[in-house]
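# Observations on chain architecture
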Amino acid sequence: MKKTTSGWISGFIGVAIFAGSLPATRVAVADFSPTFLTGARATIAALLGLALLLALRQAQPKRSDVPALVVTALGVVVGFPLLTALALQHVTSAHSIVFLGVLPLCTAIFAVLRAGEHPRPAFWLFSVAGAAFVAGYAAIGGIEASVQGDLLMLAAVIVCGLGYAEGARLSRTLGGWQVICWALVLSLPVMLPLTLLTMPASFSHVGAPAWIGLAYVSLFSMLIGFVFWYRGLAQGGIAAVGQLQLFQPFMGLGLAALLLHERVSWAMLLVTLAAVACVAGAKRYAQ
């Protein structure tokens, strides 16, 4: 019970950190290209992760762990950051945050497929209902605005769910912070050249908000948040703790309104409330 509680606390801290990711990305892509931002945030985090691994003299992962690390890297280091950065060129961060309501369902599905978890049938009813609220919102008010932006966000949450589940499964044996650090290091040979190739000729046009956004997504979204998140998923259960992600829209919508002065509609708030109500039911039947 103590370990499970610790997992929920770690998971909640991770979600709180992730809540700032989309608003920070939205600010950063105003002055940086999506490809440069994706490469730069991963490269900065990878160098920090490598320094941490060397300083604490961590053993290299087993050869059998490498495929899982590759999947984790493709999901959370490359896929989600790139797809969301591209999406945020077409939609606001407040609009994109609502799509995160699908993440718990995606994570739970991959928890069954990749981690061998088996939630009760009622869990799936609540999870599907939560995802349906989000999809309904997109169909009524979002897809008309930008089909491309919404499809990119949907693809982002799918690959992110896979990366979450795969990384959490590996965290059970390798350790939470070690998984994200090794996944980042594994991606460095690709992300460093990408960063150099897409680097702007001059940074004179880049304002302070974009630099702050880059710093946040590099240090917090790409590294520190995952230390807490993978630890929480491994200790409390991937499908169960994964439902905490439905609190992320609340936090993210508030940040978008407070920091970016974006309009948060009643429809956005209502669909977020409905999704959170569904997660309360899903949590009860997660195991």
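This text goes with the structure placed above it.
Residues numbered from 1 in each chain as written. Predicted model: local features only at pLDDT ≥ 70, side-chain atom pairs only at ≥ 80, totals over all residues. Heavy atoms only, no water.

### Here we look at the nonpolar core
Grouped together as the largest cluster of nonpolar side chains are 77 residues, with contacts concentrated most on Phe32, Tyr164, Leu184, Phe226, Trp229, Tyr230 and Leu233. Setting aside anything within four residues of it in sequence, one finds Leu184 in contact with Ala42, Ala45, Ala46, Val77, Met222 and Leu223. (Core = buried A, V, L, I, M, F, W, Y, C linked by side-chain atoms within 4.5 Å. Buried < 20%, exposed > 50% of the residue type's maximum accessible area, 1.4 Å probe, protein only. Contact = heavy atoms within 4.5 Å.)

### A closer look at the pattern of salt bridges
Using the criterion set out here, one finds 3 salt bridges in the structure. Among the salt bridges present, the one from Glu117 reaches Arg172, with a minimum N-O distance of 3.2 Å. Of this pair, Glu117 sits in the loop between helix 6 (103–115) and helix 7 (121–142) while Arg172 sits in helix 8 (residues 147–174), and the two are 55 residues apart along the sequence. Given the relative accessible area of 15%, Glu117 is considered buried. (Salt bridge = Lys/Arg side-chain N within 4 Å of Asp/Glu carboxyl O. Helix = DSSP H or I, 4+ residues; strand = E, 2+ residues; numbered from the N terminus.)

### Let's talk about the packing of aromatic side chains
The final tally for this structure, using the stated rule, is 13 aromatic pairs. With a centroid separation of 6.5 Å and an interplanar angle of 65°, the aromatic rings of Phe32 and Phe203 are classed as edge-to-face. Here Phe203 lies in the loop between helix 9 (176–198) and helix 10 (208–236) and Phe32 lies in the loop between helix 2 (21–28) and helix 3 (34–55), a separation of 171 residues in the sequence. Owing to a relative accessible area of 2%, Phe32 belongs among the buried residues under this scheme. Seen in terms of ring centroids, Tyr164 and Trp229 are 5.4 Å apart; in terms of plane orientation they differ by 65°. Their pairing is edge-to-face. Of this pair, Tyr164 sits in helix 8 while Trp229 sits in helix 10; the two residues are 65 residues apart in sequence, bridging distant segments of the chain. The exposure class of Tyr164 is buried, given its relative accessible area of 4%. Through pairs of rings, three or more aromatic residues link up here, namely Phe18, Tyr164, Phe226, Trp229 and Tyr230. (Phe/Tyr/Trp six-rings, centres within 6.5 Å; stacked < 30°, edge-to-face > 60°.)

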